[in-house]
Amino acid sequence: MLGNLGLQGGRLSSFHAKGMVCPDQGAVRIETFFEQDGRRFTQGFSAEIRAMVPSGNAARRVREEPDAMQRSVEEREGYGFMTREGVKAVRLHPQDSVLVAITALDKGEEIPGQGLVCRDAIPAGHKVAALPMREGEPVYKYGQIIGAATRPIAPGEHVHTRNLRMLDFERDRPPGSAAVPTQFVEESVRAGFEGILRPDGRVGTRNYIGVLCTVACAAPVVHKIADAFNHEGALTQFPNVDGVVGLTHSTGCGMALEGDGMAYLQRSRAGFARHPNFGWVLMVGLGCEVNQADSLVREHGLDEMVSLVHIHELGGTEAAVARGVGMIRERLPEVDAVKRRTVPATHLILGLECGGSDAYSGITANPALGAAVDLLVRHGGTAILS
């Protein structure tokens, strides 16, 4: 994300992502900002999430009135989560017994719109009691039980490990019980993008040349080949080639010739080779490894999309690097000859990976990405969460 915001260098002092998702108002507003070398940079976007609203005046107002989203937020202060001046803490779900402080709160400070005064200092991102809770009473956040009070808790208190414990309880909600049918956009008005149609019918968003290896021993050659093209001016004459990417791994030898390990390795290598963002692929093998390049190409039908370099056959690393660089130079005009065309969003597959969580990820990045995925799926696209 920092790259998308244009962060090229200097000292990053802080990075924040804030969002406003109003499920019953059918809209999302995401804002990211960071501070670098004393300067503040902001980027934001708004989008209509009609899939979250089956029908009703709220959805109609968001569609028909440009300012409806902001007015709806003002009407619903304290619900969902939002970013605007004067809001100090938010309730993530109507059932919640705690609020989340979006800025540090001092003892005695009033929380506007909530009728609360802080009884303790509340760090940013921490919980403040919104209701009185008895000892042993479940504590709710996100509409879910997150623990139980270890003693009576008064409204305005800091809710943390000192007064909150884990709680065993029956979970009677089966997986997927809250799922709702997707409201797909009519095909005639679905979104599209400028993609690269590959011979097998799949569509790429980028046009790279891939350099893969069969075994870890070939990884240095892979990196040297790719690095020969990853400097300024190396691909100036080929504007439709986005770069040369080297993908290595740490196995391929000292393993059984047959079995799950080899099957998984070859399947993943073949998957990379077939990726629609690759216009052409070079496979580098050592020559004595268990995971032989010729076998990999033959068993997975990669003959037409992959060319091979064998380090032993060429006499060593330098010769193999020179051969690989030469082969790529010969292929560049062909890979550059692609033309982008408008294709439907059904060809888009968005990969999501769960990363490190903090006090805000569950109320900023997660719902923001969820809203983006909702939009993509409504237009026929696919998302994968790993």
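Owing to the predicted nature of the structure, the values given are computational and were not obtained by experimental measurement.

## What to know about the sheet that holds strand 12 (residues 164-165)
The 3 strands are arranged 9-10-12 in an open sheet whose pairing can be described as antiparallel. Only two strands of the sheet have a single partner each, and these edge strands are strand 9 (138-141) and strand 12.

## Comments concerning the packing of helix 3 (residues 219-227) against helix 7 (residues 317-336)
Across the interface, helix 3 lies against helix 7 with an axial gap of 9 Å and an inter-helix angle of 40°. Looking at the two axes, helix 3 sits oblique to helix 7. Considering the relative orientation of helix 3 and helix 7, their crossing is right-handed. Here Val-221, Lys-224 and Ile-225 of helix 3 come into contact with helix 7, specifically with Thr-317, Ala-320, Val-321, Gly-324, Val-325 and Ile-328. When grouped by side-chain class, the residues that make up the contact of helix 3 with helix 7 number 6 nonpolar, 2 polar and 1 charged.

## Comments concerning helix 8 (residues 365-378)
Between its first and last C-alpha, helix 8 extends 20 Å over 14 residues, near the 20 Å set by a 1.5 Å rise per residue. Among all positions of helix 8, only Ala-368, Ala-371, Val-373, Leu-376 and Arg-378 are buried. The first or second residue beyond helix 8 is Gly-380, which carries a positive phi of 95°.

## Things to note about the environment of Leu-369
Relative to the helices and strands, Leu-369 resides in helix 8. Expressed as a C-alpha distance, the spacing of Leu-369 and Leu-352, which sit 17 residues apart in the sequence, is 8.6 Å.

## Topic: the sheet that holds strand 5 (residues 98-101)
Spatial strand order, 4-5-8-11: 4 strands in an open sheet with antiparallel pairing. Edge positions in the open sheet fall to strand 4 (89-90) and strand 11 (158-159), since each of these has one partner strand only. The pairing of strand 5 with strand 8 (residues 127-129) spans 3 bridges and is classified as antiparallel. Bridging across to strand 8, Leu-99 finds its partner in Val-128.

## Some points on helix 7
An ideal rise of 1.5 Å per residue puts 28 Å on 20 residues; helix 7 measures up with 28 Å between its terminal C-alpha atoms. Of all the bends in helix 7, the largest measures some 35° and sits at Glu-330, one to four residues before the proline Pro-333. Residues of helix 7 that are buried include every one of Ala-320, Val-321, Gly-324, Val-325, Met-327, Ile-328, Leu-332, Val-335 and Asp-336, and no others.

## Re the nonpolar core
The nonpolar side chains of a soluble globular protein tend to be buried, and buried together. Judged by nonpolar contacts, the single largest core of 28 residues is most densely connected at Val-211, Ile-225, Leu-282, Val-284, Ile-328 and Leu-332. Secondary structure elements with two or more residues in this core: strand 15 (208-213), helix 3, strand 17 (278-285) and helix 7. Residue contributions to this core peak at 7 residues, all from helix 7. Dropping the residues within four chain positions of it, Leu-332 is found in contact with Ile-209, Phe-229, Leu-235, Phe-238 and Val-241. With 11 residues, the next largest nonpolar core counts Ala-273, Phe-278, Val-297 and Val-306 among its residues.

## Section: the environment of Gly-192
Following the sequence through the fold, Gly-192 ends up in strand 13 (residues 192-197). Using a relative accessible area of 47% as the deciding quantity, one classes Gly-192 as partly exposed. Linking Gly-192 and Thr-346, residues 154 residues apart in sequence, is a C-alpha distance of 8.2 Å. Residues in contact with Gly-192, not counting those within four places in the same chain, are Val-343, Pro-344 and Ala-345.

## As for the pairing of strand 10 (residues 144-149)
Sheet analysis places strand 9 next to strand 10, joined by 4 bridges and oriented antiparallel. By the bridge assignment, Pro-138 is partnered in strand 10 with Ala-148. Connecting the antiparallel pair strand 9 and strand 10 is a turn made up of 2 residues, with Tyr-142 showing a positive phi of about 60°. In this structure, strand 10 lies alongside strand 12, joined through 2 bridges in antiparallel fashion. From the neighbouring strand, Ala-148 faces strand 12, where its bridge partner is Arg-165.

How each quantity is defined
Residues numbered from 1 in each chain as written. Predicted model: local features only at pLDDT ≥ 70, side-chain atom pairs only at ≥ 80, totals over all residues. Heavy atoms only, no water. Pairing = 2+ DSSP bridges. Helix = DSSP H or I, 4+ residues; strand = E, 2+ residues; numbered from the N terminus. Axes fitted to C-alpha atoms, helices over the stretch in contact; angles between N-to-C directions. Parallel < 35°, antiparallel > 145°, perpendicular 65-115°, else oblique. Left-handed = near helix turned anticlockwise from the far one by under 90°. Contact = heavy atoms within 4.5 Å. Nonpolar A, V, L, I, M, F, W, Y, C, P; charged D, E, K, R; others polar. Expected span 1.5 Å × (residues − 1). Buried < 20%, exposed > 50% of the residue type's maximum accessible area, 1.4 Å probe, protein only. Bend = angle between axes of the 7 residues up to and from the residue. Core = buried A, V, L, I, M, F, W, Y, C linked by side-chain atoms within 4.5 Å.

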